[in-house]
Amino acid sequence: DDEQVLAGAMGDYLGRHGYEVDVKSTGEEGLQVIDKKPPDIVVLDYRLPRMDGLEVLRRIKESRPEVEVIMLKAHGSVQGAVEAYDYLGKPLDLEELRLVVAKALQSLRRSQELDYLRSRVDKENPSREIVGRSQRMVEVKKLIDQIASIETTSGREAPAILITGETGTGKELIARSIHAR
C-alpha cells in the first residue's frame, strides 16, 4: 500500500496476531521481496504509484502462482483481477483483514496438503501414470495385473521379467508399475 499510515497499521495489526509481515509502498519493492523470499499471502492495494496493483498481481501470478493475493480497493469494483483470492474495500476494517488473511492461509495450507497427498499417491501407484484406452493398452494393463498377482508358493523369489520395446515406449514405467504392485 502506498499510504504509509494504513500500511503500517495493517502490518502492526497482523504482526500482533502472529503473522510475519513485510510492508512495502510500491509494486516494484514488493516484487523484489517476492522474488527473493516468496510469501504465502500478499495484501495488495489496487492503486499504487508507477505500477498499479493489477500489474503487480499479474506479475506475482506469473512468477509465483501459489501466492495468494488479497486486493484492496478504494472505489467501485476492480475489473480484471480474477486471480486475486479476495477483495477488501477501503476504509479497511483490520479485523476483517485478519479474518480474510486467516481464511486465505487455511485455503493455501489445504491446497499444499492436497498436492502433497496427490504426489504420495502417484509415487505409491505408478500404474496411474499409464494412460491410454486402446485395446493394446488394456491388454498391457491386464498383463501387469497378472504379473503382479503371481505368488510364489515355493518360497522362491518371483520370476525375472524381461520387458522389451523401442525407446520411449514406456518400458521403465511398466517396470515401476509391476514393482510397485
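Residues numbered from 1 in each chain as written. Predicted model: local features only at pLDDT ≥ 70, side-chain atom pairs only at ≥ 80, totals over all residues. Heavy atoms only, no water.

1. Focus on helix H1 (residues 4-16)
Its 13 residues give H1 an end-to-end C-alpha distance of 18 Å, which sits within 8% of 18 Å, the value for a rise of 1.5 Å per residue. Every buried residue of H1 is accounted for by Leu6, Ala7, Met10, Gly11, Tyr13 and Leu14. Each buried residue of H1 lies within a common arc of 165° when the element is viewed along its axis, so the set occupies one face. Exposed positions of H1 whose direction lies more than 90 degrees from the buried face are Gln4, Val5, Asp12 and Arg16. One or two positions beyond H1, positive phi appears at glycine 18, with a value near 95°. (Helix = DSSP H or I, 4+ residues; strand = E, 2+ residues; numbered from the N terminus. Expected span 1.5 Å × (residues − 1). Buried < 20%, exposed > 50% of the residue type's maximum accessible area, 1.4 Å probe, protein only. Arc of directions from axis to C-beta.)

2. Let's talk about the pattern of salt bridges
Evaluation of the coordinates by the stated rule reveals 13 salt bridges. Here glutamate 20 ties to lysine 37 by a salt bridge, and the two come within 2.8 Å at their closest N and O atoms. Of the two residues, glutamate 20 sits in the loop between H1 and helix H2 (27-36) while lysine 37 sits in the loop between H2 and strand E1 (41-45), which places them 17 residues apart along the sequence. For glutamate 20, a relative accessible area of 72% corresponds to the exposed category. The salt bridge partner of arginine 58 is glutamate 55, with a shortest N-O separation of 2.5 Å. Pair noted here: arginine 58 and glutamate 55 are both in helix H3 (residues 53-63), with a separation of 3 residues, about one helical turn. The partly exposed category is assigned to arginine 58, whose relative accessible area is 35%. Here the salt bridges do not stand alone but share partners, grouping Asp1, Glu3, Asp45 and Lys90 into one network. (Salt bridge = Lys/Arg side-chain N within 4 Å of Asp/Glu carboxyl O.)

Read these as spatial facts, not as claims about activity.
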